[in-house]
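Overview (structure and organization)
Single-letter residue listing:
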Amino acid sequence: MRGAMKMKIGIDKIGFFTPHLYVDMAKLAQARNEDPNKYLIGIGQNKMAVIPPTQDAVTLAANAAAKVLTVEDKEAIDLVIVATESGVDNSKSTAAYVSELLGLSHEIRTIELKQACYAATAGLQLAKGHIALAPDKKALVIGSDIARYGLKTPGEPTQGGGAVAMLVSKDPKLVTLEAESAYYAKDVMDFWRPLSQTEAKVDGKFSANIYLEFFEKVYQDYLAKTGLKLTDFSALLFHLPYTKQGLKGLRKALEGVDPTVASHYYNEFEASRKYNMATGNLYTGSLYLSLLSLLENTDTLKAGDRLGLFSYGSGAQGEFFSGRLQPNYKEALTYQTSEMLEMRAEVSVAEYEQIFSAILTDDHDRKLDISKDPAQFVLAGIKDFKRQYLKK
Ligand code: COA
């Protein structure tokens, strides 16, 4: 037991995938008769991922994981958790499809987790417990989602999509997860998606307030439990449904703090929201895309530095936990994200609207044109209610 307590467990690798299309937020604002600065500054987004019908929660997840897994990783993985609120089946888990597409072992546990944008954090904590009991194994935890609120709705500029895959192991190369954590749950109707709907329902202003309420609760609980203070953290990371929301959380944490101290946290926050600003909401993956964005874009963080992470999922669940940066973490990153984001093609607002409306429903057979989707894993259609996935 003492050995298990001392063992370092955490995130060894992070892979991110978002499709090859985006819409420019200033152009979307113009099309909606809004001032572009409302979207660019007020909401804090400059590009929004556009998800073609050939991508869903399964393919996004597989594409993200495939970016980082080696043959050795695949052999060591015996637990796959896919967190999503964009699931494609009420019974079969997204993880079952993903594991097969990735060519993982069959001697494995595969499950899907749901609690809005929070579930990947639950997955991470469960994976940590699993590795404590099986230190020679690895766990794959993926947050995979498509954020949809509907055309011309207030939520529209906070859509997006993609997946973040994390390999959890002992002696991780990126971040170890610390033991203490503070969490809080309450039944709240701030955001939900009825089973009959392809778009989420959201009480936007209410959800923003509940997010901040939950942040204050779990952040203060964490500080009280651990005896730590703000300056024991080198950076604070937030779930980013849109990046302004995380900025509001950070401002709460920095209330009354000396401006020179505060400016350090604001600088790290800018590094942590760079990729999210260019992608939009990933729901379950957002906090972890923000972590990747920080790791790849910060110039100031060093080994041993403590990161504080706030995970939030409407409905509602909050958790504040922490991790420590590992030696040479910079060398363990793949730095593929900037290139992937820059290689994307811009679509017009009219094209985005057409793609948005082409979402696949399961009620009739359909064959999709996969020739325009450059991703490795694609959805080729539906036949007899069965989704047809392909590895190109
Ligand atoms: N320049 C700069 N900022 C501007 C601006 C301009 N020209 N015009 C407006 N803004 C600011 C507003 O002041 C506001 O900032 P604030 O939030 O700090 O007050 C922000 O832009 C948004 O404007 P608002 O009028 O509140 O937008 P809205 O009513 O259209 O809705 C959301 C915005 C975020 C509430 C809406 O997009 C939404 O519901 N999104 C989904 C929310 C969600 O993800 N919930 C789950 C949370 S986990």
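Let me sum up the structure you'll find in this document.

Parameters and conventions
Residues numbered from 1 in each chain as written. Predicted model: local features only at pLDDT ≥ 70, side-chain atom pairs only at ≥ 80, totals over all residues. Heavy atoms only, no water. Pairing = 2+ DSSP bridges. Helix = DSSP H or I, 4+ residues; strand = E, 2+ residues; numbered from the N terminus. Contact = heavy atoms within 4.5 Å. Axes fitted to C-alpha atoms, helices over the stretch in contact; angles between N-to-C directions. 1 Å grid on protein atoms, 1.4 Å probe; cavity = no way out; pocket = protein on both sides within 12 Å on 5 of 7 lines; lining within 4 Å. Points joined across faces, edges and corners; volume = space filled by probe spheres on them. Nonpolar A, V, L, I, M, F, W, Y, C, P; charged D, E, K, R; others polar. Buried < 20%, exposed > 50% of the residue type's maximum accessible area, 1.4 Å probe, protein only.

Let's talk about the sheet that holds strand 16 (residues 377–383)
Here three strands make up an open sheet; going across it, the order is 15-16-17 and the pairing antiparallel. In this open sheet, the two strands that pair with only one neighbour each are strand 15 (366–367) and strand 17 (386–391). Both strand 15 and strand 16 contribute to a ladder of two bridges, which runs antiparallel. Bridge pairing in strand 16 links Lys367 to Gly381. Here helix 4 (residues 57–66) sits on the sheet in contact with strand 16 and strand 17, set at roughly 155° to strand 16.

Quick look at the layout of surface pockets
Considering only enclosed or pocket space, the second largest pocket measures out at about 680 Å³ in volume. What lines the second largest pocket is a set of 33 residues, among which Pro154, Thr158, Gly204, Lys205 and Tyr242 lie closest to the centre. Mapped by element, the contributors of at least two residues to the lining of the second largest pocket are helix 3 (36–43), helix 8 (204–226), helix 9 (243–253) and strand 12 (306–313). Counting residues per element, the lining of the second largest pocket draws most heavily on helix 8, which supplies five residues. Looking at the lining of the second largest pocket, its residues break down into 14 nonpolar, eleven polar and eight charged.

So, helix 6 (residues 94–102)
One full turn of an α-helix is made of 3.6 residues, so residues set three or four places apart face in the same direction. Of all nine residues that make up helix 6, seven are buried, and the element is covered over most of its length. Here helix 6 has its buried residues at Thr94, Ala95, Tyr97, Val98, Ser99, Leu101 and Leu102. Phi for Gly103, located one or two positions after helix 6, is positive at around 70°.

Purely spatial values, then, with no claim about function.
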